[in-house]
2 protein chains.
Amino acid sequence: MPIKLEDIRTRLHAKDYKLTPQRQLIVKVFSENPNEHLSAEDVYGLVKEEHPEIGLATVYRTLDLLAQLDILRVMNFGDGRSRYELTDIDDHHHHHLICLQCGTVAEFNDDLLESLEAVVQKRNGFKVQNHQLKMYGICKECQSKENEK
Amino acid sequence: MPIKLEDIRTRLHAKDYKLTPQRQLIVKVFSENPNEHLSAEDVYGLVKEEHPEIGLATVYRTLDLLAQLDILRVMNFGDGRSRYELTDIDDHHHHHLICLQCGTVAEFNDDLLESLEAVVQKRNGFKVQNHQLKMYGICKECQSKENEK
DNA sequence: GTACATGCAAATTCTTTGCAACCCA
DNA sequence: TGGGTTGCAAAGAATTTGCATGTAC
C-alpha cells in the first residue's frame, strides 16, 4: 500500500517542517519506482523531468530529512553512494541479495530475524530498533552465463 | 587465532603481488587492534607512528588489495567512510550492533543465518557467498544514561 | 509575516589516479 | 633485472554548506 501524502504532511508538520512541491515530487518518485534503490543522483534525474529547476542540494537535504522521519531508509551496497527506498510496513522482513558479479540488488523476505532480535536484546542488553541483512553472492542470471562458457 | 604472516605472503605471491613492509605494517595494525572497525584514515594514523613516510594512497591501495584477497572485510556503518576488519574464520557468525545514539559498533555472534542461506539458495537460485547483518538500536550504556535523566 | 526551504556555487570529505623513483623476488 | 609498489600531488566523486532569495502556512 502506498504512503499517503497527508500522512507525510502530518509527519512534517509535527516537527515544523513544510510540505513543499519539491518534497512531494521526491516522495512521488519513490512511490513510482518501487523495488528500486535510488541514489541521490537517480532521484535528481527523475525529479528533473517534471521540475527541471530543482537543485541537487535540495535532493540531498530532502533525502536526509525523509530518512530522519523514517519515511525513507538509507542503504549502502558498496558502490560509494547512499541508496534510498521507501520504508514499508513489512520492513523488518525485507532484505537484500547483492550480486558480486553484475551488482544487481534483489529483495527477499523472511521473518527469521524477529526471534534473533529478542535474543540480542536479552543477551547484549541492546534495544534493537531495526536491522539490515545483506547476502552477497552470485545471482541466478550470472550463474547461467557462467555455465554457458 | 592471529593471521600468520607467511600465510599472507603466500596469498599475495599466488597473484604475483609482493609483501612490502607497508603491507606488513598494515596487517599488523589490524592484528593489534582486534574488534575495531578501522577506517583508512585510522589505519594511516596508526601506521604512521612506526613508519611516518607512508602515503595515504598506499593505505587505500593496500586496504583494497587485502579486501580482494579476502584478508580484510569492508563495512559501512553509515558515517560516510569505509571501515575494515580482519576476516576471521568465524566470519559467517559475526555480526554488528550499531548504536544510533553514540555510534558505537559492537559485535555479536550467532549462527542462525546459516540455515537462511540455504533457504535463499533454493528459493531464489542465488548462490550465497557471504552475508552481513547489522542491527540498529540503543546500546546498554545509552539506555542507562537515558534512565538517569 | 516569518521561519523554514530552495537554488546556486563554493567548499569539504573521502577516495582514486598519474607518474617518476623505488625495491621485492 | 623488471614488474609490481610507493609517495606525492593533482584529480574525481559524493555530499555539505553559505547565503541571498523565495514560499508554505
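Thresholds, definitions, all that
Residues numbered from 1 in each chain as written. Chains lettered and ligands numbered in written order. Predicted model: local features only at pLDDT ≥ 70, side-chain atom pairs only at ≥ 80, totals over all residues. Heavy atoms only, no water. UniProt positions renumbered as here; feature names shortened; annotations may be inferred. Helix = DSSP H or I, 4+ residues; strand = E, 2+ residues; numbered from the N terminus. Buried < 20%, exposed > 50% of the residue type's maximum accessible area, 1.4 Å probe, protein only. Salt bridge = Lys/Arg side-chain N within 4 Å of Asp/Glu carboxyl O. Axes fitted to C-alpha atoms, helices over the stretch in contact; angles between N-to-C directions. Parallel < 35°, antiparallel > 145°, perpendicular 65-115°, else oblique. Left-handed = near helix turned anticlockwise from the far one by under 90°. Contact = heavy atoms within 4.5 Å. Nonpolar A, V, L, I, M, F, W, Y, C, P; charged D, E, K, R; others polar. Pairing = 2+ DSSP bridges. Least-squares fit on C-alpha atoms with pLDDT ≥ 70 in both. Disulfide = S-S within 2.5 Å. Domains from an automatic or database assignment. Buried area = accessible area lost by both parts, 1.4 Å probe. Polar contact = N/O pair within 3.5 Å; in protein donor to acceptor, adjacent residues only side chain to side chain.

Going by what an unreviewed UniProt entry lists, chain A is known as Transcriptional repressor and is assigned to Thermanaerosceptrum fracticalcis. What UniProt records for chain A under Sequence similarities (unreviewed entry) is the sentence "Belongs to the Fur family."

A. Seen up close, the UniProt feature "binding site: Zn(2+)" (unreviewed entry) in chain A. All names here are of chain A. Here the UniProt feature "binding site: Zn(2+)" (unreviewed entry) sits at Cys 99, Cys 102, Cys 139 and Cys 142. These residues run over 44 residues, yet every pair of their C-alpha atoms falls within 8.3 Å of each other. Mapped onto the elements, Cys 99 comes out in strand 4 (residues 94-99). For Cys 99, a relative accessible area of 3% corresponds to the buried category.

B. Up close: the pattern of salt bridges. Applying the stated criterion to the full structure yields 18 salt bridges over all chains. Of the charged contacts, one joins Asp7(B) and Arg11(B) as a salt bridge, the two residues approaching to 3.3 Å between their closest N and O atoms. Here the residue Asp7(B) and the residue Arg11(B) both occupy positions in helix 1 (residues 5-13), the gap between them amounting to four residues, near one helical turn. In this structure Asp7(B) comes out as partly exposed when scored by relative accessible area, which is 35%. The partly exposed category is assigned to Arg11(B), whose relative accessible area is 31%. Overlapping salt bridges, with partners in common, bring together Asp42(A), Asp79(A), Arg81(A) and Arg83(A) in one network.

C. Quick look at the packing of helix 2 (residues 21-32) of chain A against helix 3 (residues 40-50) of chain A. Residue and element names in this part refer to chain A. In contact at an axis separation of 10 Å, helix 2 and helix 3 are set at 115° when each is read in the N-to-C sense. It follows from the interaxial angle that helix 2 and helix 3 lie roughly perpendicular. Taken as a pair, helix 2 and helix 3 cross one another with a handedness that is right-handed. Taking contact as the criterion, the partners of Leu 25, Ile 26, Lys 28, Val 29 and Phe 30 in helix 2 are, on helix 3, Val 43, Leu 46, Val 47 and Glu 50. Residue composition of the contact of helix 2 with helix 3, grouped by class: seven nonpolar, no polar and two charged.

D. Region of interest: the sheet that holds strand 3 (residues 82-86) of chain A. All names here are of chain A. One open sheet holds the three strands; their spatial order is 1-3-2, and the pairing between them is antiparallel. The outermost strands of the open sheet, each flanked by one partner alone, are strand 1 (38-39) and strand 2 (72-76). Two strands pair when backbone bridges link them, and strand 2 and strand 3 are joined in this way by five bridges, in the antiparallel orientation. Opposite Leu 72, over in strand 3, you have Leu 86 as the bridge partner. Across the sheet, helix 2 is in contact with strand 1, strand 2 and strand 3; its angle to strand 3 comes to roughly 80°.

E. Just the sheet that holds strand 6 (residues 127-138) of chain A, in detail. Here we have six strands laid out as an open sheet, ordered 5(A)-4(A)-6(A)-6(B)-4(B)-5(B), and mixed in their pairing. Two strands bound the open sheet, and with one partner strand each, they are strand 5 (105-109) of chain A together with strand 5 (105-109) of chain B. Adjacent strand axes in the sheet meet at a mean angle of 30°, parallel and antiparallel pairs treated alike. Both strand 4 of chain A and strand 5 of chain A contribute to a ladder of five bridges, which runs antiparallel. Among the inter-strand pairings, Ile98(A) is bridged to a residue of strand 5 of chain A, identified as Val105(A). Most of the contacts of helix 5 (residues 113-124) of chain B go to strand 6 (residues 127-138) of chain B, to which it runs at about 125°, and overall it touches strand 4, strand 5 and strand 6 of chain A together with strand 4 (94-99) and strand 6 of chain B.

F. Highlighting the relation of the copies chain B and chain A. For the pair chain B and chain A, the best superposition has an RMSD of 0.1 Å and corresponds to a rotation of 179° with a translation of 0.0 Å parallel to the axis. Such a combination of turn and shift is consistent with a two-fold rotation axis. It is Leu133(B) whose C-alpha, among those of chain B, lies nearest the rotation axis, at 2.2 Å. Comparing contact sets, 100% of the residues at the interface of chain B also lie at the interface in chain A, consistent with an isologous, same-surface contact.

G. Region of interest: the state of the cysteines. Overall, the coordinates contain zero disulfides over all chains when judged by the stated rule. Free cysteine Cys99(B): the closest other cysteine sulfur is in Cys102(B), separated by 3.7 Å.

H. Spatial organisation of the domain arrangement of chain A. All names here are of chain A. Entries for chain A in the domain assignment read domain 1 (1-90) and domain 2 (93-149). Put simply, the middle of domain 1 and the middle of domain 2, counted by C-alpha atoms, are 23 Å apart. Listed by partner, the interface residues are 10 residues for domain 1 and 10 residues for domain 2. In total, about 870 Å² of surface goes out of reach between domain 1 and domain 2, with carbon and sulfur atoms giving 43% of it. If you look at where domain 1 meets domain 2, you find zero salt bridges. At the surface where domain 1 touches domain 2, the tally comes to six residue pairs in polar contact (both at pLDDT 80 or more). Considering every element that reaches the side of domain 1 that touches domain 2, the biggest residue donor is strand 2, with four residues. Looking at the side of domain 1 that touches domain 2 residue by residue, the classes come out as three nonpolar, three polar and four charged.

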